[in-house]
Amino acid sequence: MPILKRQLHLGLFLFSTGYHPAGWRLPEAVADGAFDPKFLHRIARRLEEAKFDFFFLGDALATSPDMQHQFPSQMVRLEPFTMIANIAAVTERIGLIVTANTTYSEPYTVARQTASLDYLSGGRLAWNVVTGMDIRAAQNYSREKHWDNSRRYDYAEEFVKIVQELWDSWEDEAFVRDKESGVFVDGSKVHVINHHGEHFSVAGPLNVARPPQGQIPLLNAGTSERSRELGAKLSTAVFTGQILIELAKSFYADIKTKAEAFGRKQNEVSILPGLVPLVGRTAEEAHAKYRELSSLLVTDYDLSALSARIGIDLKGYELDGPLPDLSLSTLPGKESEWLVELAQRAEGRKEITIRELFHYFAATARGHLLIVGDAKQVADRMEEWFTGGAADGFNICPPYLPGGLDLFIDLVIPELQRRGLFRTEYEADTFRGHFGLSRPDNRFARSTILEGAGE
Ligand SMILES: Cc1cc2nc3c(=O)[nH]c(=O)nc-3n(C[C@H](O)[C@H](O)[C@H](O)COP(=O)(O)O)c2cc1C
């Protein structure tokens, strides 16, 4: 068999008004796409034409209008299971990632919903396992408070184990459907799970047959030790927000090392940082668009968060004056210098003001790397992260939609393909297939065979 060259995994992380907080204000941007199925279909189809691995829908269980100037795209959106069912009907090959929060659901419900969506999509589903980062969700789910990290991840681990067992509760051969004899199902191939754990009691079997992929791939994201462990142990891919390549490399190495400790091969878990590509036909066009977006930010230029980020109190400095002496930073290491360098690159020049540094900081507030440039410059940076041990691919977050995605697809994807870094055709039809995974055996079928062999 030929040894396949390692290639990027690329997905779209949907921010319907664009990742940039002011993305929706551009004259050409669609501002109300979140509730427009035609717009969402157009995005999904474009991704599929470009051979993306997946279309990813995040989710949150609380909101308020005061998010409007920072995270307008996170404020209101369609419920992801419903939306993915609809997207599945208008696409054929692209993987689809749905987010389900373990803290506020039940394993039987999620097993049923995900298995159903795996059928409706022809085996293209993956589940982004989250435990919830918005403490206000508790108020919407009749809870006194949002649980702490360790309780949420204890609960999540037990939750996921049950879901995975439920997916296996029907063996593939359980369905006889013999019209002659009238036998529809072979009951010996249907399994209860009888789970009695710390948080859940679930008997099973699931009322959906084993999903087409057998086991639906899991993904997760997180910074805490517990979530890193969950990812290293169970996830096909781990999402992360990284702006600095040096920190991205250490996150990458940490997850891969942990995965090995759980008996997995390093390449069984992919690390996918977010990437916000602001692409132009020329570098100047990209910088001009970046400046236009910066000018549309609605902000009072409160510098306190930026001061903390660079370790220098910016009170008393001129907003339109030069940057302070970075050697004054109280932070260890070079993080403040690296952030400044990124802002300089985005502006396309070295001499930047505090206001311009703030613009870069505001544009990346959700923690994903913003790159401004032409196709070659963007592809160079992607290649640097990919070959330098910082990423196995990216969660692409266009700064505005649909134009920001179109430019990435029309200009950067062909450049990556020319370099042999990204596929030109799909090799598979399922999410597992896009990540090189075969369909696993059913745990219950295997144990039956082993039991049989011992008799
Ligand atoms: C790329 C990315 C996507 C995420 N998507 C979601 C999401 O859709 N819903 C959610 O509740 N949390 C989401 N999170 C948050 C993580 O699941 C996690 O809760 C957060 O990073 C805090 O880490 P911790 O859970 O380890 O404390 C996302 C994080 C990243 C980096």
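A brief structural summary. Within any chain, residue numbers begin from 1 and follow the written order of that chain's sequence. Predicted model: local features are reported for residues with pLDDT of at least 70 only, side-chain atom pairs are reported and counted for 80 or more only, and whole-chain, interface and lining totals are derived from all residues. Excluding hydrogens and water, the side-chain values take into account all heavy atoms of the structure.

1. Section: the side chain of glutamine 344
Argument step 1. Under the scheme used here, helices are H or I runs from DSSP no shorter than 4 residues and strands are E runs no shorter than 2 residues, and both carry numbers assigned from the N terminus. Structurally, glutamine 344 is set in helix 11 (residues 335-347).
Argument step 2. Between N or O atoms, a polar contact is any pair within 3.5 Å; within protein, one atom must be a potential hydrogen donor and the other a potential acceptor, and residues adjacent in sequence are included only when both atoms are from side chains. In this structure the side chain of glutamine 344 is engaged in a polar contact, spanning 3.0 Å, whose partner is the backbone oxygen of lysine 350.

2. Describing empty space enclosed by the protein
Argument step 1. Only protein atoms enter the 1 Å grid used here, on which a cavity is any set of points holding a 1.4 Å probe that cannot leave and a pocket is any open set flanked by protein within 12 Å on both sides along at least five of seven lines; residues with an atom within 4 Å of a point are listed as lining. Grid points are joined across faces, edges and corners, and a volume is the space filled by probe spheres set on the points. For the structure on display, the rule yields two cavities of 30 Å³ or more.
Argument step 2. If you add up the space inside the largest cavity, you get close to 130 Å³.
Argument step 3. For the largest cavity, the lining is made up of 13 residues, of which Leu14, Leu57, Gly58, Arg77 and Met83 are closest to its centre.
Argument step 4. Only Asp, Glu, Lys and Arg are considered charged in this grouping, and only Ala, Val, Leu, Ile, Met, Phe, Trp, Tyr, Cys and Pro are considered nonpolar; every other residue, Gly among them, is considered polar. Among the residues forming the lining of the largest cavity, the class breakdown is nine nonpolar, three polar and one charged.

3. Some remarks on the site of the ligand
Argument step 1. Only a single heavy atom is needed: when it lies within 4 Å of a molecule or strand, its residue is near that molecule or strand. In the vicinity of the ligand there are 19 residues, among which Gly58, Asp59, Tyr153, Ser224 and Ser227 approach most closely.
Argument step 2. Within the side chain of asparagine 149, an N or O atom sits 3.4 Å from an oxygen atom of the ligand.
Argument step 3. At 3.0 Å from an oxygen atom of the ligand is found a side-chain nitrogen or oxygen belonging to serine 227.
Argument step 4. Within the complex, the protein chains bury 85% of what would otherwise be the 610 Å² of accessible surface of the ligand.
Argument step 5. A molecule is said to occupy a pocket when more than half its atoms come within 2 Å of that pocket's grid points, and by this definition the ligand occupies the largest pocket.
Argument step 6. Considered class by class, the residues forming the shell around the ligand number six nonpolar, twelve polar and one charged. Each accessible area value is a Shrake-Rupley result obtained with a 1.4 Å probe; residue values ignore everything except the protein chains displayed when judging cover. Each molecule is checked against the cavity or pocket grid, and it sits inside if more than half of its atoms lie within 2 Å of the grid points.

Don't take any of this as a statement about function, it's just geometry.
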